[in-house]
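Chain residues, written in single-letter form:
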Amino acid sequence: MGRGTASRVINGSPRVSAHTREAVEAAVAELGYVPNRAARALAGNRTDAIALVVPESESRFFAEPYFSDIVRGVGAALADTEMQLLLTLVGSDRERRRLAQYLTAHRVDGVLLVSVHADDPLPDLLEQLGMPAVMNGRRSATEPLPSVDSDNFEGARGAVEHLASRGRRSIATITGRLDVYASQRRLDGYRKAVSESGLEPDERLIAPADFSEEGGVRAMRELLARRPDLDAVFAASDLMAAGARQVLREAGRIPDDVALIGFDDSAVARHMDPALTSVRQPIEEMGRTMTRVLLDMIAGESAERPQIVLPTELIVRDSS
């Protein structure tokens, strides 16, 4: 019996007779053979590894609950597979060049991209390399790569409509970085709800920040200086809402005077005082879904490039 025949049996090929299969399986049992994953991956030009790439600094990665939830979802999707996960933080040009070299050498079978900014060259590099890749959120409305995201527009729109329904008339927003498409969509949702609620749009009620607590502090101070009469704030992340709450409390404006809503429904929202109303996005589910899409691409089971959008839910608590 040739080596190729034995290999076909071990790999589950149907192109083997029942008699031959029984003989090989008996020999495997007698010898206690265990397939060598590394050798099989090498023979199939596979690494049995995928990279989770986050273009952020180490400090931001560990400060934001969003990223740990994504990692948890990715890990859950990989739990029953033989794939290894390589976590890569790319917070500088030097780290970006080093990652590019690593990917060019095809040391992973595919890539999950999280928190990608509009001008990030990594997605285009992956396209050039022909490497399977899935993004958490798009760079623009015309994103060519497969992506999985939450419904940022409707989540923001629902939050602001909730504030308007509670009688709030001067509703401000603290945006995330506007080179991130999710931030743009949340701002679009805010603008739409302001218009639909019959409120007077005012650019002085819009303050850009960067998803961090410190950014929320700075933006909230700007808003109070420009529009001290504001009576509600929609912050595009829970961390920014935490920063805003700090400033509002110092000014004696919370909880009764100014309503506050965040986005993510992280542990930060639940542990704030008063507890924070927040837009829940299914972060772990996004991680799981991204991974399943990528595994299908690696296995050659899907040539599609899906743009998957998962629904959000407004969780109402005492802050609004």
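Along every chain, residues carry numbers that run from 1 in the direction the sequence is written. Local features in a predicted model are, by the rule used here, given only for residues with pLDDT of at least 70; side-chain atom pairs are given and counted only at 80 or more, and totals for whole chains, interfaces and linings are based on all residues. Water and hydrogen atoms were dropped before computing side-chain values, which therefore reflect all heavy atoms in the structure.

With respect to the pattern of salt bridges
For salt bridges, the criterion is a side-chain nitrogen of Lys or Arg within 4 Å of an Asp or Glu carboxyl oxygen. Applying the stated criterion across every chain yields a total of 29 salt bridges. Close ionic contact of Arg157 with Glu196 constitutes a salt bridge, the shortest N to O distance being 2.6 Å. One end of the pair, Arg157, is in helix α8 (residues 152–165); the other, Glu196, is in helix α9 (residues 181–196), with 39 residues separating them in the sequence. To sort residues, take the accessible area from a 1.4 Å probe on protein chains only and compare it with the maximum for the residue type: under 20% means buried, over 50% means exposed, and anything in between is partly exposed. Take Arg157: its relative accessible area is 19%, and that puts it in the buried class. Glu196 gets classed as partly exposed once you look at its relative accessible area, which sits at 39%. Glu285 serves as the salt-bridge partner of Arg292, at 3.0 Å between the closest nitrogen and oxygen. Under the DSSP-based scheme used, a helix requires at least four consecutive residues in state H or I and a strand at least two consecutive residues in state E, with every element numbered from the N terminus.

With respect to unusual backbone geometry
Here the amide bond leading from Asp273 into Pro274 is cis, since omega sits at 0°, within 30 degrees of zero. Phi angles above zero are rare outside glycine, and Ser115 is one such case at about 60°. Structurally, the position occupied by Ser115 is in the loop between β3 (110–114) and α7 (122–129). Using a relative accessible area of 16% as the deciding quantity, one classes Ser115 as buried.

Notes on the environment of Ala242
With respect to the helices, strands and loops of the structure, Ala242 is situated in helix α11 (residues 238–250). The class of Ala242 is buried, set by a relative accessible area of 9%. A C-alpha to C-alpha distance of 8.4 Å links Ala242 and Gly262, two positions 20 residues apart in sequence. Residue contacts are defined here by distance: any two heavy atoms, one from each residue, within 4.5 Å place the two residues in contact. If near-sequence neighbours (up to four positions away) are discounted, Ala242 is found in contact with Glu213, Val268 and Met272.

Focus: the nonpolar core
Grouped together as the largest cluster of nonpolar side chains are 45 residues, with contacts concentrated most on Ile174, Met220 and Leu230. At the level of secondary structure, the elements contributing two or more residues to this core comprise α8, β6 (171–175), α9, β7 (206–208), α10 (213–226), β8 (232–235), α11 and β9 (259–264). It is α11 that provides the largest number of residues to this core, a total of 6 residues. Leaving out residues up to four positions away in the same chain, Ile174 has contacts with Ala207, Ala209, Gly216, Ala219, Met220, Leu223, Val233, Phe234, Ala235, Ala236, Met240 and Ala244. As used in this record, nonpolar core signifies buried Ala, Val, Leu, Ile, Met, Phe, Trp, Tyr and Cys residues forming a set joined through side-chain atoms within 4.5 Å. Grouped together as the second largest cluster of nonpolar side chains are 23 residues, Ile50, Phe67, Val293 and Leu295 included.

Some details on the packing of aromatic side chains
Two rings from Phe, Tyr or Trp (for Trp, the six-membered ring) form a pair when their centres sit within 6.5 Å of each other. Planes less than 30 degrees apart are called stacked, planes more than 60 degrees apart edge-to-face, and all others tilted. One pass over the structure, following the stated rule, counts 4 aromatic pairs. Ring geometry for Phe61 against Phe62: centres 5.1 Å apart, planes inclined by 90°, an arrangement best described as edge-to-face. For Phe61, a relative accessible area of 7% corresponds to the buried category. When its relative accessible area of 61% is taken as the criterion, Phe62 is described as exposed. Members of the aromatic cluster, connected to one another through ring pairs, are Phe61, Phe62, Tyr66 and Phe67. Above the plane of the ring of Phe263 lies Arg186, whose end atom (NZ or CZ) is 3.8 Å from the centre. Whether a charge sits over a ring depends on NZ of Lys or CZ of Arg being within 6 Å of the ring centre and within 35 degrees of the ring normal.

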